[in-house]
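# What the coordinates show
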Amino acid sequence: MPELPEAERARREIEKALGRAIDGVDDRDGYVCRPHAPGELAAAFLGRRLTSAHRRGKFLWVETDGGDGPVLGLHLGMAGRIVIDGEPAPRRWDRFTLEFEGGGRLALRDKRRLGRAVLEPDYSHVGPDAGEIGAGGFAKRVGRGTVAIKARLLDQGVVAGIGNLLADEVLWRAKLSPLRPAGDLQPAELSRLHRHLRTAIADAIRLGGVHTGDFIPHRTRAGACPRCGTAVERATVGGRTTFWCPKEQDSP
Ligand SMILES: [Zn+2]
């Protein structure tokens, strides 16, 4: 599933199309484009020019006409990606597309159909970006409450962009149990977690996505910790399948 690093790579893809004028819009998928009726996004964006691409957590938005035009919100859902200037996908997997003057296109390609394309998105419920928040703000927002730290990291209103894989990777790197109540973490532990979050995100963006993490390939029933060789533990935490090293990430 796309997490912050995948969304950032999508944002960088969109940047390849900046400056181009839109002369075609396919917004016929009323589910992906909900709540808008077919034709509504087309009416808003036809003739506009993409001018900047932004991201907070997994949420993307594109400004048009230097900020004077309407804003296009995009979300990759569970399996979507942004394809610039690719051949059209088979079986209408391109759920929303922009065609550009002089050729080329932007497609939200999504077999699962859980992505979104929205006019003037409201992202006020989304917390600060997990890759940009400072250590102080991170400790204040994350280090509170009685829920497990893993669940706290997954709450997009607390910090945005951390999904199931990235959460396991970061807790493993920081040697913290996913089961610890968030509010019990000590300042030094929160600062360590923040530091590993920053580097795990930077690594994943550089290497091509969260699946490139050091711990991710070992998230299996027969998996062993790549640092110490201990068999990994598995449980549902925060509603998600969670793996960790019970030796190094022990509960207090
Ligand atoms: Zn270990």
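Here's what I pulled together on the structure shown here.

This paragraph deals with the nonpolar core. Ranked by size, the top nonpolar core spans 27 residues in total, and within it Leu-74, Ile-82, Phe-96 and Leu-98 carry the most contacts. No other element matches the four residues that helix 2 (residues 40-45) contributes to this core. Leu-4, Ile-149, Ala-174 and Ile-201 belong to the second-largest nonpolar core, a separate cluster that totals 26 residues.

The next thing to look at is the layout of surface pockets. Estimated volume of the largest pocket: approximately 340 Å³. The wall of the largest pocket is formed by 15 residues, among which Glu-6, Arg-9, Gly-80, Arg-81 and Gly-208 lie closest to the centre. For the lining of the largest pocket, the secondary structure elements donating two or more residues are helix 1 (4-15) and strand 5 (81-84). Top element by residues in the lining of the largest pocket is helix 1. It accounts for four residues.

Let us look at the coordination of the zinc ion. Every protein donor of the zinc ion is accounted for by Cys-225 (SG), Cys-228 (SG), Cys-245 (SG) and Glu-248 (OE), and the metal-donor separations fall at 2.1 to 2.3 Å. Counting gaps between the donor residues of the zinc ion yields the pattern C-x2-C-x16-C-x2-E. Of this pair, Cys-228 sits in the loop between helix 6 (187-207) and strand 9 (233-237) while Cys-245 sits in the segment after strand 10 (240-244), placing them 17 residues apart in sequence. Cys-228 sits in the partly exposed class, given a relative accessible area of 30%.

So, on to the packing of helix 3 (residues 135-142) against helix 6. Packing of helix 3 against helix 6 leaves a shortest axis separation of 9 Å and a crossing angle of 115°. Two packed elements cross with a definite hand, and for helix 3 against helix 6 that hand is right-handed. Listed contacts from helix 6 to Ala-135, Phe-138, Ala-139 and Val-142 of helix 3 are Leu-190, Leu-193, His-194 and Leu-197. A class-by-class count of the residues in the contact of helix 3 with helix 6 yields seven nonpolar, one polar and no charged.

The rules behind each value
- Residues numbered from 1 in each chain as written.
- Predicted model: local features only at pLDDT ≥ 70, side-chain atom pairs only at ≥ 80, totals over all residues.
- Heavy atoms only, no water.
- Core = buried A, V, L, I, M, F, W, Y, C linked by side-chain atoms within 4.5 Å.
- Buried < 20%, exposed > 50% of the residue type's maximum accessible area, 1.4 Å probe, protein only.
- Helix = DSSP H or I, 4+ residues; strand = E, 2+ residues; numbered from the N terminus.
- 1 Å grid on protein atoms, 1.4 Å probe; cavity = no way out; pocket = protein on both sides within 12 Å on 5 of 7 lines; lining within 4 Å.
- Points joined across faces, edges and corners; volume = space filled by probe spheres on them.
- Donors = N, O, S within 2.8 Å, 3.2 Å for Na, K, Ca; no water.
- Axes fitted to C-alpha atoms, helices over the stretch in contact; angles between N-to-C directions.
- Left-handed = near helix turned anticlockwise from the far one by under 90°.
- Contact = heavy atoms within 4.5 Å.
- Nonpolar A, V, L, I, M, F, W, Y, C, P; charged D, E, K, R; others polar.

Shape is all these values report; function is a separate question.
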